[in-house]
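Residue-level structural notes
Next come the chains, spelled out residue by residue.
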Amino acid sequence: MEKFYIGADIGGTTVKFGMFSRTGEMMEKWEIETRVEDEGVNILPDVAASIEEKRAEKDGNIMGIGIGVPGPVTDEGVVLRCPNIHWPVLHVRSKLVELTGVGNIKVGNDANVAALGEMWKGGGRGFDSIVMVTLGTGVGGGIILGGKMLTGVKGAGGEIGHTKVEWNETEECGCGGKGCLEQYASATGIVRMAKSGLRQDSSLAGIEDMTAKDVLDAAKAGDEYALIITERFAKYLGVALANVAHVVDPEAFVIGGGVSLAGEIIIKKVEKYYNDNVLYALRDKEFRLAELGNDAGIYGAVRMVL
C-alpha cells in the first residue's frame, strides 16, 4: 500500500492541496472551493472528504496532514479567529483528527507555513533562518529560525505587515491602525500612494483602473513619478525589514507575492534601504525572490509533518 503525506493551504476562495511522497516530492495537486458561509462550518468536513477521496483513489495510507490557515494558530492547533474564512476560535487539529482518523496533523498560520515552504524548496533553500514577506493585497510575513516557525504565544508572530512605519498617516489600515507597512508596500498600498498626488505628466495619469504592476512597469520604463512612488515603497519596506532584523537576525530575506513579480527593481531598491537603516553587523543579508508562487503554502504545510 502506497504511503503519502498531504499539505493543504486554506484560503478565502479555494483550498489548495498537494500529495507528497515520503521523500518530499510532490506527486499531485488539486483544489476545492472554500465554503465560508455559516462561520465556515463546512470547510474542515470538505477538506477531510477531499483527502479521503484522494486516499481511496490511490488506495494509499496517509502518514500525515499539514494545514495552513489565514489566522493566528497556537502550538496545539487552535485557530484564534480567521475573519477571511469566517471562523471563530476553532480547534482545527483535533477536529481534523476526528474527521480523518490521522494522528499526525499539524496546523500553522499560512504566512509562516509559506515561509517554511520557501526555505525548504524555494527561494530560501540553503538557509535555516529566513524572513519571508509576501506582498499581495496585504503584506504577510513569516519568520523561520533554526528551521522552526516563529509563531509567538498567541500564534500571531511574524505579522510584519502591521509594523508601524509612518507616524503622520491619517487613513486607517484594515487592522484599525494607521501608518502600517501594509498601507505602502502591498499592491493596494502602492496604488493608493500613486493615486495620491498623481502627476499629469506621468504615464500613469491615463490609466483608469491602475494596478501595482502598472506603477512598477512605469518605473522600469523610466517614468519619473512612478520611480518616486517605487522609491517610497522600497524605503518603507527596507526600514521595516531592518527593524525585523534587529530582533531576529535572519540569514536571508525572501520576497514573494504578486508585487515581487516586478523582480530585481524590487530587490535592489529594498536591499539599499535595508542596509542604510540597519546595524552594521546586520548589513549585507541575502535578498531573494520567492520561487514557489501559490504552491509555497502546500510545500510548507507538508514540511511540518514530514
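Residues numbered from 1 in each chain as written. Predicted model: local features only at pLDDT ≥ 70, side-chain atom pairs only at ≥ 80, totals over all residues. Heavy atoms only, no water.

A few points about the overall build of the protein chain
This is how it is decided: For helices the rule is a DSSP run of H or I covering at least 4 residues; for strands it is a run of E covering at least 2, with both sets numbered from the N terminus onward. With C-alpha atoms as the basis for the radius of gyration, the globule rule is written as 2.2 Å multiplied by the number of residues raised to the power 0.38. Accessibility here uses a 1.4 Å probe with only protein chains present; expressed as a share of the type maximum, an area under 20% marks a residue as buried, one over 50% as exposed, and anything in between as partly exposed. Residue contacts follow a heavy-atom distance rule, with two residues in contact if any of their heavy atoms lie within 4.5 Å. Note on areas: Shrake-Rupley with a 1.4 Å probe; residue coverage comes only from the protein chains shown. Charge assignment in this entry is limited to Lys and Arg as positive and Asp and Glu as negative, and neither His nor the chain termini are counted. By convention, the point assigned to a charge is CZ for Arg, NZ for Lys, CD for Glu and CG for Asp.
The helix and strand inventory of the protein chain stands at ten helices and twelve strands. What you see for the protein chain is a C-alpha radius of gyration of 20 Å, in line with the 19 Å of a compact globule of 306 residues. For the protein chain, the C-alpha atoms occupy an extent of roughly 65 × 45 × 35 Å along the three principal directions. Counting every position in the protein chain, which comprises 306 residues, the buried fraction comes to 52%. A fraction of 60% describes how many contacts in the protein chain between residues 6 or more apart in sequence connect residues 24 or more apart. Counting only carbon and sulfur atoms, one obtains 48% of the accessible surface of the protein chain, whose full area is about 13,900 Å². For the protein chain, the distance from the average site of its 32 positive side-chain charges to the average site of its 43 negative ones is 4 Å.

Structural notes on the sheet that holds strand E8 (residues 130-135)
Just so we agree on the cut-off: Only when DSSP finds a minimum of two bridges between them are two strands counted as paired. Between N-to-C directions, angles span 0 to 180 degrees; the directions come from axes that are lines fitted to C-alpha atoms, helices contributing only their stretch in contact.
Here we have five strands laid out as an open sheet, ordered E10-E9-E8-E11-E12, and mixed in their pairing. The outermost strands of the open sheet, each flanked by one partner alone, are strand E10 (148-149) and strand E12 (286-289). With two bridges joining them, strand E9 (residues 139-145) and E10 adopt antiparallel strand pairing. Residue pairing across strands places Ile144 opposite Met149, the latter belonging to E10. Running at roughly 150° to E8, helix H8 (residues 224-248) makes contact with E8, E9, strand E11 (252-256) and E12 of the sheet. Along the sheet face, helix H9 (residues 264-277) touches E11 and E12 and points at about 155° away from the line of E12.

Looking at the sheet that holds strand E7 (residues 105-109)
Pairing is mixed across the open sheet formed by five strands, whose spatial order is E3-E2-E1-E4-E7. Each edge of the sheet is formed by a strand with only one pairing partner; in this case those strands are strand E3 (26-33) and E7. Put simply, the sheet's adjacent strands are angled 20° from each other on average, direction ignored. The pairing of strand E1 (residues 2-10) with strand E4 (residues 60-69) spans eight bridges and is parallel. When the sheet's bridge partners are listed, Glu2 is paired in E4 with Gly60. Across the sheet, helix H2 (residues 43-58) is in contact with E1, strand E2 (14-20), E3 and E4; its angle to E3 comes to roughly 145°. Sheet contacts for helix H3 (residues 92-100): E4 and E7; angle to E7, the most-contacted strand, approximately 145°.

Structural notes on the layout of surface pockets
Applied cut-off: Each cavity reported here is a set of points on a 1 Å grid over the protein atoms alone in which a 1.4 Å probe fits but cannot get out, each pocket an open set with protein on both sides within 12 Å along at least five of seven lines, and each lining residue one with an atom within 4 Å of a point. Grid points are joined across faces, edges and corners, and a volume is the space filled by probe spheres set on the points. As a working rule, the residues Ala, Val, Leu, Ile, Met, Phe, Trp, Tyr, Cys and Pro are called nonpolar, Asp, Glu, Lys and Arg charged, and the rest polar, with Gly in that last group.
Its volume calculated, the largest pocket comes out at about 1,400 Å³. Along its surface, the largest pocket is lined by 50 residues, and Asp110, Ala111, Thr134, Gly138 and Gly140 are the ones closest to its centre. Among the elements that make up the lining of the largest pocket, the one with the highest residue count is helix H4 (residues 110-121) (four residues). Classifying every residue of the lining of the largest pocket by side-chain character gives 14 nonpolar, 26 polar and ten charged. Estimates place the volume of the second largest pocket at around 430 Å³. The wall of the second largest pocket is formed by 20 residues, among which Lys106, Val107, Leu116, Met149 and Met304 lie closest to the centre. For the lining of the second largest pocket, the elements supplying multiple residues, two or more each, are E7, H4 and E10. If you tally residues by element for the lining of the second largest pocket, the top one is E7, at five residues. Per-class residue counts for the lining of the second largest pocket are seven nonpolar, seven polar and six charged.

A few points about a negative patch on the surface
The following threshold applies: Exposure above 30% relative accessible area and the lack of any salt bridge qualify a residue for a patch; like charges then connect within 9 Å, and the nonpolar side chains Val, Leu, Ile, Met, Phe, Trp and Tyr within 5 Å. Salt bridges are counted wherever a side-chain nitrogen of Lys or Arg sits within 4 Å of a carboxyl oxygen of Asp or Glu.
Together, Glu33, Glu37, Asp38 and Glu39 make up a region of like negative charge exposed at the surface. Along the chain, Asp38 falls in helix H1 (residues 37-40).

Regarding the nonpolar core
The cut-off we apply is this: Buried Ala, Val, Leu, Ile, Met, Phe, Trp, Tyr and Cys residues form a nonpolar core when they are joined through side-chain atoms within 4.5 Å.
Membership of the largest hydrophobic core comes to 47 residues, with the highest contact counts inside it found for Leu135, Leu181, Phe233, Leu237, Ile266, Val270 and Tyr274. Breaking this core down by element, the ones donating at least two residues are E8, E9, helix H5 (182-185), helix H6 (187-195), helix H7 (212-220), H8, E11 and H9. Here this core takes 13 residues from H8, the largest share from any one element. One finds Ala8, Met19, Trp30 and Leu96 within the second-largest nonpolar core, a separate group that totals 27 residues.

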